[in-house]
Amino acid sequence: MDWSNVTAEDLVEALREVDWSTPPRPFSEFFSRFTVPRSQTKWSSRLKCNLYYYRTNYFLMIILILGMGFLRRPLAIVAALTTAMSIALLNDSFAATFSEKITRTIRQFSPHLAAKLRAPLAPVIRGRPSTKRAIFICGRPRWVSVLAFSGVSFFLWIVSCGALMVLWALAIGLLATLLHASFRTPNLKARLNTFREEFRAVWRNYSDL
């Protein structure tokens, strides 16, 4: 896959649709080999490839840096977790898995309530269910849950007075991510994983025909 032809919009869309439940890459691989890119094109391709391949590592690293900045403010840690949840719910796979686990837990105590939390049926197009449908969480559109978590996190940030601290911690986390993604040499596993995801995308489009 030629990452030089992948735009930032394509990368964001891929990160939104890809499965984030995969475990992070081992530390021995994450901190294996670093080299300086030879050109701006090489740097751009390496940055996109590493952001996609090490997405879980970068997400956990930013959360860890935020957590270290809030050791003296427990309420700010809760605010950071709710903010991370609101961002994670933007991913299709995570949102669907989260909704399924919540519904399954509620079903153990109240099957009637769990039945009301089911997502609406997918619309039928040409006799087949449409694969491109809105994501629902506990029977409600995803944006409802995202706004709810965002509102709670915003309130907690104000109460904890940790807004300035989170900006510094977030800036450090993003800078560390940018530096690692820029100098970490993509290995064979990253390239094979890219080809596998590309094949899955092509096969999914083929099966929708």
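Rules used in this analysis
Residues numbered from 1 in each chain as written. Predicted model: local features only at pLDDT ≥ 70, side-chain atom pairs only at ≥ 80, totals over all residues. Heavy atoms only, no water. UniProt positions renumbered as here; feature names shortened; annotations may be inferred. Phe/Tyr/Trp six-rings, centres within 6.5 Å; stacked < 30°, edge-to-face > 60°. Helix = DSSP H or I, 4+ residues; strand = E, 2+ residues; numbered from the N terminus. Buried < 20%, exposed > 50% of the residue type's maximum accessible area, 1.4 Å probe, protein only. Expected span 1.5 Å × (residues − 1). Arc of directions from axis to C-beta.

An unreviewed UniProt entry annotates the chain as PRA1 family protein of Salvia splendens. What UniProt records for the chain under Sequence similarities (unreviewed entry) is the sentence "Belongs to the PRA1 family." Per UniProt, the comment on the chain under Function (unreviewed entry) is "May be involved in both secretory and endocytic intracellular trafficking in the endosomal/prevacuolar compartments."

Colleague: Hey, could you run me through the packing of aromatic side chains in this one?
Modeller: We describe a pair of aromatic rings using the distance from one ring centre to the other and the angle between the two ring planes. Applying the stated criterion across every chain yields a total of seven aromatic pairs. For the ring pair Phe30 and Tyr54, a centre distance of 5.4 Å and an interplane angle of 70° mean the geometry is edge-to-face. Linking Phe30 in helix H2 (residues 27-30) with Tyr54 in the loop between helix H3 (40-53) and helix H4 (55-69), this pair joins segments that are 24 residues apart in sequence. Accessibility classification places Phe30 together with Tyr54 in one group, the buried group.

Colleague: What is the right way to look at helix H8 (residues 142-160) in this model?
Modeller: Taking 1.5 Å as the rise per residue, H8 with 19 residues should run 27 Å; its terminal C-alpha atoms sit 27 Å apart, in good agreement. Burial in H8 covers these residues: Arg142, Ser145, Val146, Ser153, Leu156, Trp157 and Ser160. Seen along its axis, H8 keeps its buried residues to an arc of 105°; they face one direction. Seen from the buried face of H8, the exposed residues on the opposite side, beyond 90 degrees, are Trp143, Leu147, Phe154, Phe155 and Ile158.

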